Amino acid sequence: MTAAASTETAKLSLNGQTIDLPVIIGTEKEKAFEIGKLRDQTGVITMDPGFGNTGSCVSSITFLDGERGVLRYRGIPIEQLAEQATSTETAHLLIYGELPNKRELEQFTQRVSERYALPDGMERFFDAFPKSAHPMAVLSAMITVLSSYYPQLLNPYPTREEMDEIILTLMAKIPTLAAVAYRRSRGLDVVAPRADLGYSANYLNMVFGGPGKKDPDPTIVQAFRQMLILHADHEQNCSTSTVRLVGSSRTNAFSSISSGVSALWGPLHGGANQAVIEMLESIQKGGGDSKKYIAMAKDKTSMFRLMGFGHRVYKNFDPRSRIIKKACDQVLAKLGVKDPLLDIAKQLEEAALKDEYFVTRKLYPNVDFYSGIILRAIGIPTNEFTVIFALGRLPGWLAHWKELVESGQRIGRPRQIYMGPTERPYRPLTQRG
Ligand code: ACO
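Residues numbered from 1 in each chain as written. Predicted model: local features only at pLDDT ≥ 70, side-chain atom pairs only at ≥ 80, totals over all residues. Heavy atoms only, no water.

**Student:** Pulling in residues and values, what's your account of helix 14 (residues 340–354)?
**Tutor:** Between the first and last C-alpha of helix 14 there are 22 Å, a value that for 15 residues agrees with the 21 Å anticipated at 1.5 Å per step. Among the residues making up helix 14, those that are buried are L341, L342, I344, A345, L348, E349 and A352. Along the axis of helix 14, the buried positions cluster into a sector of 155°, meaning they face one direction only. Turned more than 90 degrees away from the buried face of helix 14 sit E350 and K354, all of them exposed. (Helix = DSSP H or I, 4+ residues; strand = E, 2+ residues; numbered from the N terminus. Expected span 1.5 Å × (residues − 1). Buried < 20%, exposed > 50% of the residue type's maximum accessible area, 1.4 Å probe, protein only. Arc of directions from axis to C-beta.)

**Student:** Residue-level account of the environment of L342, with values.
**Tutor:** As for its position among the elements, L342 is in helix 14. Its relative accessible area of 7% is what places L342 among the buried residues. The spatial distance from the C-alpha of L342 to the C-alpha of L228 is 21 Å, given a sequence separation of 114 residues.

**Student:** Provide a residue-level description of the side chain of T88, including the pertinent values.
**Tutor:** By the secondary structure assignment, T88 is in helix 3 (residues 87–96). We classify T88 as buried; its relative accessible area is 14%. Here T88 is in contact with L105, F108, T109 and Y199, once residues within four sequence places are set aside. (Contact = heavy atoms within 4.5 Å.)

**Student:** With reference to specific residues and values, describe the packing of helix 3 against helix 4 (residues 102–113).
**Tutor:** Their axes nearest at 10 Å, the elements helix 3 and helix 4 cross at an angle of 100°. One way to sum up the angle between helix 3 and helix 4 is to call them roughly perpendicular. Two secondary-structure elements touch here, helix 3 through T88, E89, A91, H92 and Y96 and helix 4 through E104, L105, F108 and T109. Across the contact of helix 3 with helix 4, the residue classes break down as four nonpolar, three polar and two charged. (Axes fitted to C-alpha atoms, helices over the stretch in contact; angles between N-to-C directions. Parallel < 35°, antiparallel > 145°, perpendicular 65-115°, else oblique. Nonpolar A, V, L, I, M, F, W, Y, C, P; charged D, E, K, R; others polar.)

**Student:** Describe the side chain of H400, and please don't skip the residues or the numbers.
**Tutor:** Relative to the assigned elements, H400 resides in helix 17 (residues 385–407). Every residue in contact with H400, bar those within four places of it in the chain, is listed here: S59, I61, D233, E235, Q236, T240 and R244.

**Student:** An account of the sheet that holds strand 6 (residues 76–77) is requested, with residue identities and associated values reported.
**Tutor:** One open sheet accounts for three strands, arranged 4-5-6; its pairing is antiparallel. The outermost strands of the open sheet, each flanked by one partner alone, are strand 4 (62–65) and strand 6. (Pairing = 2+ DSSP bridges.)

**Student:** Can you tell me about the site of the ligand, naming the residues and giving the values?
**Tutor:** The immediate surroundings of the ligand are formed by 21 residues, with L306, G308, F309, R312 and Y357 found nearest. L268 is positioned such that a nitrogen or oxygen atom in its backbone is 3.1 Å from a nitrogen atom of the ligand. L306 is positioned with one of its backbone polar atoms (N or O) 2.8 Å from a nitrogen atom of the ligand. If the ligand stood free it would expose 920 Å²; the protein chains cover 76% of that surface. For the shell around the ligand, the class distribution of residues is eleven nonpolar, five polar and five charged. (Near = heavy atom within 4 Å. Polar contact = N/O pair within 3.5 Å; in protein donor to acceptor, adjacent residues only side chain to side chain. Areas by Shrake-Rupley, 256 points an atom, 1.4 Å probe, with all protein chains shown as cover.)

**Student:** Give a description of the pairing of strand 2 (residues 17–25) that names residues and reports values.
**Tutor:** Along any regular strand the residues' side chains alternate between the sheet's two faces. Looking at chain direction, strand 2 and strand 3 (residues 31–33) are connected through three bridges and run antiparallel. Among the inter-strand pairings, V23 is bridged to a residue of strand 3, identified as F33. Taking the residues that link successive antiparallel strands as the turn, the strand 2-strand 3 hairpin has five residues, and the phi of K29 there is positive, at about 70°.

**Student:** Could you give an account of the packing of aromatic side chains, naming the residues involved and the relevant values?
**Tutor:** Throughout the structure, instances matching the rule amount to nine aromatic pairs. Between F309 and F369 the ring centres are 5.1 Å apart and the planes differ by 75°, which places this aromatic pair in the edge-to-face class. With a gap of 60 residues between them, F309 in the loop between helix 12 (290–298) and helix 13 (319–335) and F369 in helix 16 (residues 367–377) connect regions that are remote in the sequence. Ring centres of Y357 and F358 lie 5.1 Å apart, and the angle between their planes is 70°; on these two criteria the pair is classed as edge-to-face. There is no split in this pair, since Y357 and F358 are both buried. Ring pairs connect the aromatic residues F309, Y357, F358, F369 and Y370, which therefore count as one cluster. (Phe/Tyr/Trp six-rings, centres within 6.5 Å; stacked < 30°, edge-to-face > 60°.)

Shown next, in the form of structure tokens:
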């Protein structure tokens, strides 16, 4: 994919030499200086640890405006998708660029559901994990294991048909992997996937269902569906950038997605939903004093951060957290759940939003602040929260992996400025003091 060239150029002067940098402009008028030839022309590179000012690709999947709190998948506002779309429609939109028509949706749904089952013999791998294994470790490892059953899907340059098969296989089997891991880790029998249930309901049934159990409650399915949609993509976040970077070596989709799962696990990213609940629980255990935690978060000598607050790109509000906050209230009311952690969360939010430290740094509750409360209310154990985030993010990862492979972008390989010792000789062991 090529970016729209513009007639604008930026000028860079260095040591008496001036060079023109082409400016590229996106469809939403975002601008970037193109610096691909900078080192060849000047011998100088740019420095941007954390990539806050660095575009790594041109993408047509998701638009995000952190200042205005806008998030759109393929142009469609997240609010409309969360309200009206199914998670399968949203996945199709992200991966293939358009909402499916009725026939396409039926076909996509059927092609995913007929691939739900895991390959024969794969279940025994789950028994090898110790009880202490974190579900994200199991998920990441098992996606790699899954690749060993599909050597025909590891082509570094997949055909159109292979690409579709890879997408369908991963969309279908990753929720099953996650559910089997959950059941096996608790010594429970595996519940077979059901094609007659929707994508969300099938997952919930594989986790909580079984002989004699009712189908999942529609309120819970609805909340879960919304959770998947809200998490489905977020442009070049840490895990998606990981998927793209790993994918750029032309390894396969299985290892790229497995790497995305590993990146998501971190508490500064997807792991924050687990960390939020753990933080709220410790506030509760300590007698509900949220002030202490606010003080700790402000204390620069402590490494503590208020979990569920702040975002690299949203500096006014996170549009997803508005939707999820409303959903959270509705789910708790409908299920009749009274959760003291929600009261603590509300107190904490109120106190932080009035506090100068948080106000001046534009630190607002992010999507993870409330998603944990919903997941808790619907009975998902805390250490499984990030797995749900991964299931939600899966269509986004696949969309980015597909876009990357189709673009033919060259391998990702950042540079550095070396700050270590300059050349010095090797000293034999006998001469080292
Ligand atoms: N608590 C306390 N202080 C914070 C917090 C927080 N949660 N977040 C940022 N800050 C402070 C920083 O210390 C920094 O202060 P300074 O200017 O005095 O040095 C300032 O706010 C700016 O923060 P950055 O570090 O530049 O923010 P960055 O973009 O690097 O990090 C991040 C964003 C990782 C989300 C951060 O806000 C954070 O750690 N939040 C808590 C974890 C969390 O909720 N993660 C989920 C992110 S959303 C997602 O993945 C779905």
